[in-house]
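The lines below spell out each chain.
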Amino acid sequence: MGRHAPVAAPGTPAVRARGLRIVRGGRRGVVVVDGLDLDVPAARVVGLLGPSGGGKTSLLRAVVGVQSDVTGTLDVLGLPAGDPRLRRRIGYVTQAPSVYADLTVRENLRYVAEVLRVGEDRVTAVLRDVDLRHLSGRTVAALSGGERARTSLAIALLGEPDLLVLDEPTVGLDPVLRRDLWALFHDLAAGGASLLVSSHVMDEAERCDRLLLLRQGRLLAEGAPGDLLERTRTTTAEAAFLALVEDGAS
Amino acid sequence: MSPLPTTGRVLRKVGHDHRTLAILLVLPCVVLGLVGWMFSGTDVVDRFGPVLLGLFPVIVMFLVTSVATLRERQSGTLERLMAGPVRRGDVVVGYAIAFALVGAGQALVLTAFTVLVLGMDVAGDLGGVVLVAVLDAVLGTALGLAASAVARTEFQAVQMMPLVLFPQLVLAGLFLPRDQMPAVLEAVSRAMPLTYGTQALQELAAGASLGDVRGAAGAVLAFIAGALVLGTLSLRRRTP
Ligand SMILES: Nc1ncnc2c1ncn2[C@@H]1O[C@H](COP(=O)(O)OP(=O)(O)O)[C@@H](O)[C@H]1O
Ligand SMILES: [Mg+2]
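Residues numbered from 1 in each chain as written. Chains lettered and ligands numbered in written order. Predicted model: local features only at pLDDT ≥ 70, side-chain atom pairs only at ≥ 80, totals over all residues. Heavy atoms only, no water.

(A) Just the packing of helix 4 (residues 145-157) of chain A against helix 5 (residues 175-190) of chain A, in detail. Residue and element names in this part refer to chain A. Where helix 4 meets helix 5, the closest approach of the two axes is 13 Å, and the angle between their N-to-C directions is 10°. The orientation of helix 4 with respect to helix 5, classified from their angle, is roughly parallel. Seen from helix 4, the contacting residues are Arg 150, Leu 153 and Leu 157; seen from helix 5, they are Leu 177, Leu 181, Leu 184, Phe 185 and Leu 188. Looking at side-chain class alone, the contact of helix 4 with helix 5 contains seven nonpolar, no polar and one charged residues. (Axes fitted to C-alpha atoms, helices over the stretch in contact; angles between N-to-C directions. Helix = DSSP H or I, 4+ residues; strand = E, 2+ residues; numbered from the N terminus. Parallel < 35°, antiparallel > 145°, perpendicular 65-115°, else oblique. Contact = heavy atoms within 4.5 Å. Nonpolar A, V, L, I, M, F, W, Y, C, P; charged D, E, K, R; others polar.)

(B) Main features of the site of ligand 1. Residue and element names in this part refer to chain A. All residues adjacent to ligand 1 are Arg 24, Gly 25, Val 30, Val 32, Pro 51, Ser 52, Gly 53, Gly 54, Gly 55, Lys 56, Thr 57 and Ser 58. In the environment of ligand 1, a nitrogen atom lies 3.4 Å from a nitrogen or oxygen atom belonging to the side chain of Arg 24. Gly 54 places a main-chain nitrogen or oxygen 3.2 Å from an oxygen atom of ligand 1. In isolation ligand 1 offers 570 Å² of accessible surface; the protein chains occlude 63% of this area. Put simply, the parts of the chain that give the shell around ligand 1 at least two residues each are strand 2 (30-40) and helix 1 (56-64). Looking at which element gives the most residues to the shell around ligand 1, the answer is helix 1, with three residues. (Near = heavy atom within 4 Å. Polar contact = N/O pair within 3.5 Å; in protein donor to acceptor, adjacent residues only side chain to side chain. Areas by Shrake-Rupley, 256 points an atom, 1.4 Å probe, with all protein chains shown as cover.)

(C) Region of interest: the sheet that holds strand 5 (residues 79-80) of chain A. All names here are of chain A. Ordered in space as 2-1-4-5, the four strands form an open sheet in which the pairing is antiparallel. Because the sheet does not close on itself, it has two edges, and the strands there are strand 2 and strand 5. Both strand 4 (residues 70-76) and strand 5 contribute to a ladder of two bridges, which runs antiparallel. Paired with Asp 75 across the two strands is Pro 80, which belongs to strand 5. (Pairing = 2+ DSSP bridges.)

(D) Just the interface of chain B and chain A, in detail. Taken together, the contact pairs 24 residues of chain B with 33 residues of chain A. Interface area, chain B with chain A, both sides summed: about 2700 Å², of which 52% is carbon and sulfur. Taken as a group, Arg80(B), Arg238(B) and Pro240(B) account for 27% of the area that chain B buries against chain A, more than any other trio of residues on that side. Between chain B and chain A we count two salt bridges in total. The partner of Lys13(B) in a salt bridge is Asp102(A), with the nearest N and O atoms 3.0 Å apart. Between chain B and chain A we count 19 residue pairs in polar contact (both at pLDDT 80 or more) in total. At the level of elements, helix 1 (4-16), helix 3 (44-75) and helix 4 (77-83) of chain B are the ones that each hand at least two residues to the side of chain B that touches chain A. Considering only residue class, the side of chain B that touches chain A consists of eight nonpolar, eight polar and eight charged. (Buried area = accessible area lost by both parts, 1.4 Å probe. Salt bridge = Lys/Arg side-chain N within 4 Å of Asp/Glu carboxyl O.)

(E) Structural view of the layout of surface pockets. Residue and element names in this part refer to chain B. In this model, the largest pocket occupies a volume close to 650 Å³. Looking at the largest pocket, it is lined by 28 residues, and the ones nearest its centre are Arg 73, Leu 78, Arg 152, Thr 239 and Pro 240. Considering every element that reaches the lining of the largest pocket, the biggest residue donor is helix 3, with four residues. Among the residues making up the lining of the largest pocket, the classes are represented as ten nonpolar, nine polar and nine charged. The computed volume of the second largest pocket comes to approximately 320 Å³. Considering the residues around the second largest pocket, the lining is formed by 14 residues, among which Lys 13, Thr 20, Val 64, Val 67 and Ala 68 are closest to the centre. Those elements that provide at least two residues to the lining of the second largest pocket are helix 1, helix 2 (18-38), helix 3 and helix 5 (88-116). Here the lining of the second largest pocket gets five residues from one element, more than from any other, and that element is helix 3. In terms of residue class, the lining of the second largest pocket is built from nine nonpolar, one polar and four charged. (1 Å grid on protein atoms, 1.4 Å probe; cavity = no way out; pocket = protein on both sides within 12 Å on 5 of 7 lines; lining within 4 Å. Points joined across faces, edges and corners; volume = space filled by probe spheres on them.)

(F) Broad picture of the packing of helix 9 (residues 193-205) of chain B against helix 10 (residues 214-234) of chain B. Residue and element names in this part refer to chain B. Helix 10 packs onto helix 9 with a crossing angle of 150° between their chain directions and a minimal axis gap of 8 Å. Relative to helix 10, helix 9 is oriented roughly antiparallel. The interaxial crossing formed by helix 9 with helix 10 has left-handed handedness. For the pair helix 9 and helix 10, contact is made by Pro 193, Tyr 196, Gly 197, Gln 199 and Ala 200 and by Ala 216, Ala 219, Val 220 and Phe 223, respectively. Residue classes in the contact of helix 9 with helix 10 are distributed as seven nonpolar, two polar and no charged. (Left-handed = near helix turned anticlockwise from the far one by under 90°.)

(G) Looking closely at helix 4 of chain A. The end-to-end C-alpha distance of helix 4 of chain A is 19 Å, a good match for the 18 Å that 13 residues give at a rise of 1.5 Å each. In terms of burial, helix 4 of chain A is a largely internal element, eleven of the 13 residues being buried. When we look at burial in helix 4 of chain A, the residues that qualify are Gly146(A), Glu147(A), Ala149(A), Arg150(A), Thr151(A), Ser152(A), Leu153(A), Ala154(A), Ile155(A), Ala156(A) and Leu157(A). Lining the buried residues of helix 4 of chain A we find strand 6 (90-93), helix 2 (105-116), helix 3 (120-129), strand 7 (163-167) and helix 5 of chain A together with helix 4 of chain B. (Expected span 1.5 Å × (residues − 1). Buried < 20%, exposed > 50% of the residue type's maximum accessible area, 1.4 Å probe, protein only.)

The analysis is restricted to geometry; functional conclusions fall outside its scope.
Okay, here's the thing in structure tokens:
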């Protein structure tokens, strides 16, 4: 259920791409994605999985509207990607934690809270969600990689976004934390938010409601994790991925 | 939306960085102190002090601003900011206000030091000297914001200083009065913002009042506005 705007027509996917083409590095750059069709269902945790360099970050940048040279159709929450009305409804976590190293955790959150005009109670709530309350007074420069990543995630949660776009949010976290964060993602989806989560670590696949396997800018497969295993007659996501790659090659 | 959240964030960052703060406030005083010592017993500090008061803020604030904003572009924080509802002008103006306040602090400390410790005796309006020095600080920040859009690396950002500021310093009329320059250089000099700040300070040192230099001060203000518009336009939501 959307919290900032009326719910789009039922069945409207959170993200819908048709004939999507993305060029990185400017006009004389590289075609990273060409002719991509995909649907990200709403109110689900959708994993965007694939090897490094496959185009995950480029696709997510296009979805949140910060990537130039994007052509084709790309609709987000029923609006064209980059539409100013979307800016309040999307929470984005970049691959490298985008936090101000010389500010404390709370100061980082407070800044974005002021921009979004949400109160201190939201700051406290998201700090609890990502289990960072005990570090809120610490300067970000003095945090571990995982703690920085969680600070960055907390910032994205501040505005209670309808769509969360998370670029490898759990990389470098210990197993317990990873499990807790995936539980948080599912809580958010149960509350109506749509999540698009990228990862190059295949064993995160089973934690998603639905998978999009992206390789060299092309959609290798999509579906529920169980279906993909069944279809490829494999037992792990990694094996399924390899089977799909070999399928595509033959 | 307003620029103030960004202003607060930048000021908090500078506030945490005591070493930078000390360098910003103390270093110019040390350099001017050396000048005063070297020329003690002459009227050099009285005649050139005001002009130097305007030069430090413009150079220092240009460097500080262009490096700080470039770091923001590279760290991903700007990318996330641009995905959100913040207005581009608010980010640029937020930065400008924050560094203008820092620059104003620097100009005030430096003026107080030159008057109280070095015994600078300004023939014209001392309040005018402070005001133009602050304007120069804001100018340095605004130019730094515009220049940081062109630079891709911190190394390039630092190189922008000689590129943008050195020609202005050479042609500002410090070394040769403007009306004695070759016609072409005089015309170029008139198109450069620092020329007007320097001119105002020279006139104030020679006994002018604040009212006498309002034309030159207005020109500096116009350049500040122009540089801020340029900085906003060059800040792109979508990047390659
Ligand atoms: N700024 C850029 N200029 C040129 N090529 C780029 C740029 N950024 C990424 N690429 C290329 O685009 C491809 C996809 O990158 P990316 O979207 O970051 O993949 P992933 O996130 O899946 O690792 C890679 O081959 C990468 O080298
Ligand atoms: Mg990536």
